[in-house]
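# Observations on chain architecture
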Amino acid sequence: MSRGGRHAYGALCVLAAGALVLTGCSKGGSDTGTNDKKDQQNAKSQQAPIKFGDAADSTGPAAPVPGAKSGGAMEVLARDSYAHLDPAQIYVQDQMAMAQLIHRGLTGYKATSDDGHQHEVVGDLATDSGTTTDGGKTWKYTLKDGIKFEDGTPITSADVRQTVERLFAPFITQGPSYLQQWLANTSGTGYRKLLPDGPYKGKHLPDSVLSTPDAKTIVFHFAKPHPDLPYTLAMAGYAVVSAKGDTQQKYDKNPVTTGPYKIQSFQSGKSMVLVKNPNWDPKTDPIRHQYVDRFNITFNQQYETSTKALLADSGPDRTGVSFSNQVDAGNLSRVLGDPKLKSRTVAGYQPYVGQMNINMSKPEMKDIRVREAIAYALPISPFVRAYGGTDAMEVAGGIISPTVSGYDPAFDPFGKKKNPGGDPAKARKLLQEAGKLNMKLTFGYINTNEGQQYSTAMAAGLSKAGFNVQRQEIPSETYYDQVSKLNNNYDIFHSAWGADWPSASTVIPPSFDGRQIADGAANYSQVNDAHVNSEIDRISAITDPVKAAAEWEKLDKYLLTKVVNVVPTGYYKQVQIAGSGVGGFVYDDVIGGVDPRRLFIK
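What you are looking at is a predicted structure, and each value in this text was computed from that prediction instead of being measured. (Residues numbered from 1 in each chain as written. Predicted model: local features only at pLDDT ≥ 70, side-chain atom pairs only at ≥ 80, totals over all residues. Heavy atoms only, no water.)

### Some words on the packing of helix α6 (residues 303-312) against helix α7 (residues 329-337)
The N-to-C vectors of α6 and α7 enclose an angle of 30°; their axes lie 10 Å apart at closest approach. Relative to α7, the element α6 lies roughly parallel. The way α6 lies across α7 gives a crossing that is left-handed. Across the interface between the two elements, T307, K308 and L311 of α6 pack against N331, R334 and V335 of α7. Split by residue class, the contact of α6 with α7 holds two nonpolar, two polar and two charged. (Axes fitted to C-alpha atoms, helices over the stretch in contact; angles between N-to-C directions. Helix = DSSP H or I, 4+ residues; strand = E, 2+ residues; numbered from the N terminus. Parallel < 35°, antiparallel > 145°, perpendicular 65-115°, else oblique. Left-handed = near helix turned anticlockwise from the far one by under 90°. Contact = heavy atoms within 4.5 Å. Nonpolar A, V, L, I, M, F, W, Y, C, P; charged D, E, K, R; others polar.)

### What about α7?
Taken residue by residue, α7 has A329, N331, L332, V335 and L336 as its buried positions. For α7, the buried positions fall inside an angular range of 135° around the axis, keeping them on one side. Of the residues in α7, the exposed ones pointing more than 90 degrees away from the buried face are G330 and G337. If you check the start of α7, you find a side-chain oxygen 3.2 Å away from the backbone N of G330, and it comes from D328. (Buried < 20%, exposed > 50% of the residue type's maximum accessible area, 1.4 Å probe, protein only. Arc of directions from axis to C-beta. Polar contact = N/O pair within 3.5 Å; in protein donor to acceptor, adjacent residues only side chain to side chain.)

### Re the sheet that holds strand β7 (residues 261-267)
Read across the sheet, five strands follow the order β7-β8-β9-β1-β10 without closing on themselves; strand pairing throughout is mixed. Across the chains shown, the open sheet's two edge strands, defined by having one partner strand only, are β7 and β10 (320-321). Direction of pairing for β7 relative to strand β8 (residues 271-276): antiparallel, over a ladder of six bridges. Paired with I263 across the strands is L274, a residue of β8. Running over the sheet, helix α2 (residues 93-102) touches β7, β8 and β9 (294-298) and is turned about 30° from β8. (Pairing = 2+ DSSP bridges.)

### Thoughts on helix α3 (residues 157-165)
The buried fraction of α3 is high, at eight of nine residues. In this fold, the buried residues of α3 make contact with α4 (178-184), β5 (210-214) and β6 (217-221).

### Regarding the pairing of strand β16 (residues 566-577)
By the criterion of burial, β16 is predominantly enclosed, with twelve of the twelve residues buried. Two elements, strand β11 (residues 345-358) and β16, share nine bridges in a ladder whose sense is antiparallel. Of the residues in β16, the one forming a bridge with Q355 is P568. Direction of pairing for strand β12 (residues 393-395) relative to β16: antiparallel, over a ladder of three bridges. Residue pairing for β16: E394 is matched across the bridge by Y571.

### What to know about the pattern of salt bridges
Per the counting criterion, the structure on display carries 29 salt bridges. The closest approach of N and O atoms between K554 and E551, which form a salt bridge, is 3.2 Å. Here K554 pairs with E551, and both are found in helix α16 (residues 545-563), just three residues apart, close to one helical turn. Residue classification places K554 among the exposed residues on the basis of a relative accessible area of 53%. Several salt bridges converge on common partners, so that one network encompasses K51, D57, K110 and E120. (Salt bridge = Lys/Arg side-chain N within 4 Å of Asp/Glu carboxyl O.)

### Looking at the sheet that holds strand β15 (residues 492-497)
A sheet is described by the order of its strands in space; here six strands give the open sequence β12-β16-β11-β15-β13-β14, paired in mixed fashion. Looking along the sheet, the strands with just one partner apiece sit at the ends: β12 and β14 (468-474). The sheet shows a mean angle of 30° between the axes of neighbouring strands, taken without regard to direction.

### With respect to the side chain of E75
By secondary structure assignment, the location of E75 is in strand β1 (residues 73-77). For E75, which is buried and forms no salt bridge, the nearest opposite charge comes from R294, at a distance of 6.9 Å. (Lys, Arg positive; Asp, Glu negative; His and termini not counted.)

### Points about the confidence of the model for the protein chain
Here the protein chain averages 90 in pLDDT, while 92% of its residues score no lower than 70. Every residue in residues 4-35 is under pLDDT 50, and counting partners more than four places away or in other chains gives 175 contacts. (pLDDT = per-residue confidence, 0-100.)

The following block contains the structure:
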C-alpha cells in the first residue's frame, strides 16, 4: 500500500513495517538515543500473523477507552488533501487513516490492547471474520442486524455485490486489486476481463464466483485457496459502497458513509468537516468509537507548521492532532529531549520501505549500466535527514522491511548502509562505459518541505556522477496519481510501499509484476521481467509461509542485483504529537499512525 506522499499498507496493513535505527548512518535532525535491541524485538514481533476472530470477538460495542469522555470539536492538521474518498480508490495511508472514521467493511482490525500493539481481525459489518471449510477456496460471510448507511438505508448483500463488481469498472484505478485478481484467477490487470464495465451495463459476476443467496449472505468462490481473505477485506479499499447511492466517478468526492462519522463538508485542498453519523449503531461495531462531536480537518499544513501549532498548545490547537503528519525534522530533537513535550507524543513503526523508482519505460533506462549508475550515485543521507535522521528511519538495504518475514539485515547491494552518501566515482565509471555522461535525468519530486530538501541534495549527488539532473515538482495531493501514469515525464521519482499483511506476497507482486503495468497501478518503475513474473507465480503457490518468505527474499535480491529498477532508501518510523487536551492518543501499528477511532477531548 502507499503512504500519503508515499505508498504503503494496502488499506490497513496487518503489520506496521518499520525502521530499525542504523547507528552508523549520517545523522539527521536528531540523535536522541535509541535502543537497537528493543527496536529489533519490536520489528520481529510484528512479523507474527494476526488471528481471525469469531462471532464473540466481532460483537459490539468496542471496549471503552480508559478515561474517555464524549463531546467537543477536535482540530486535525493535515498536509495533504484527500484525493480520494471512494473506498475502492483508497490506497494511501492518510486517506486510509481517515477512512477508519467514515467507512466499514466486512472485516476489520480490532485493537485488543490500549497501546495499539495487539490486534485481531474480526467481523465488522459481518458477524465474524469469515468461515471456510475447504482451506480458503470458499468463504462465507453473514451480515449483522441493524447495520445502515448514513442515509438510513439498511446494508444488504446487494450492496456488497455492488461493492465488489464496481472494482472491475475502468474508472477504479487507484485501490488494491487482490480480491479482483483472486476472483478472476489471474495476475496483473487481466481481471478486468471478468466484468469489463462493472455492474453498470446490467452484467454481474456469476454465482460461481460471487453468490448472494439472500439479503444477509455473501459467498466468495475462488479457483485456488486464499486463506488471507479476512486480511484483504479489512483494507479500506474493500469497504462497502451503497448500491443505491453509487454515483460512479462522482462517488469519489461524496461517498455514502457507514462509519461513526459522515462528511458534512469537503473543500478539496482546504478543509473537511466530519460530524456524527446518527445511523451508526455502536452495538454493531466492535472496532470504533464516536466520542468526538466534530472533526475539523485543515489541509496544506506542512509538518513544520503542524508541529509548531501543536507545540504551542493554545486555542483550538490544545485539542488538536494530526492523523498522519509527523513531528518535523527541525523540531524532533527538541520534542524528544523535553520530557513534558515527549509525554504528548506517540511513536512507532510504519509499514513503508522507501524506494527511488527508475522508469523502465524510458529508452535511455534500458541499459543496466545507467540504472546501476543511478543506484550507486544516489545519496540516501539527505532523505533520512529530511525526515528527522535516525529517529525517523533506517537506511534500507532491500525492498523487504525488517518487520516482514524474509528480511535479511546483511543485504546491502549498493553499499548504502556503509556509505549512505553514495559512490559517485563508481557511478561515473559506469556512465562512461555506457557512453552516457551528461545524460539528462528528469527527477520528479513531491512538493513538500521534505521533498524540496532531499531532492535538491539527491540531485547534487547524481550530478557529481555525471548526470544532467532536471528536477520537476509534483503536487503532494495528486503525487501518486501523477507518478502512476504510464506516460509520465519522470525518469526517477520516489515512492514508499508497505506490506498489506505480514508477507512479502503483498510487497513484491503488486510492485514488480510486469503484468500489472497500468495507469494507477503500483508497479511504478514499470518493470516487466520474465523471470520476476514467473517467480511471482511460483512463490505465490507456496503454502508454507516460512518457505515462501525465503523465496521472496531471493527474488528481492534478484531484483536489486540483476534488474535494478529501484533503489531502496529507508525503513520508516514516525513520531507524532498532539495538544494537551487530546485523550485516547495512541499510535496504532496496523494503521501506521494515530488511531482516530479512540480520540476524545479531555
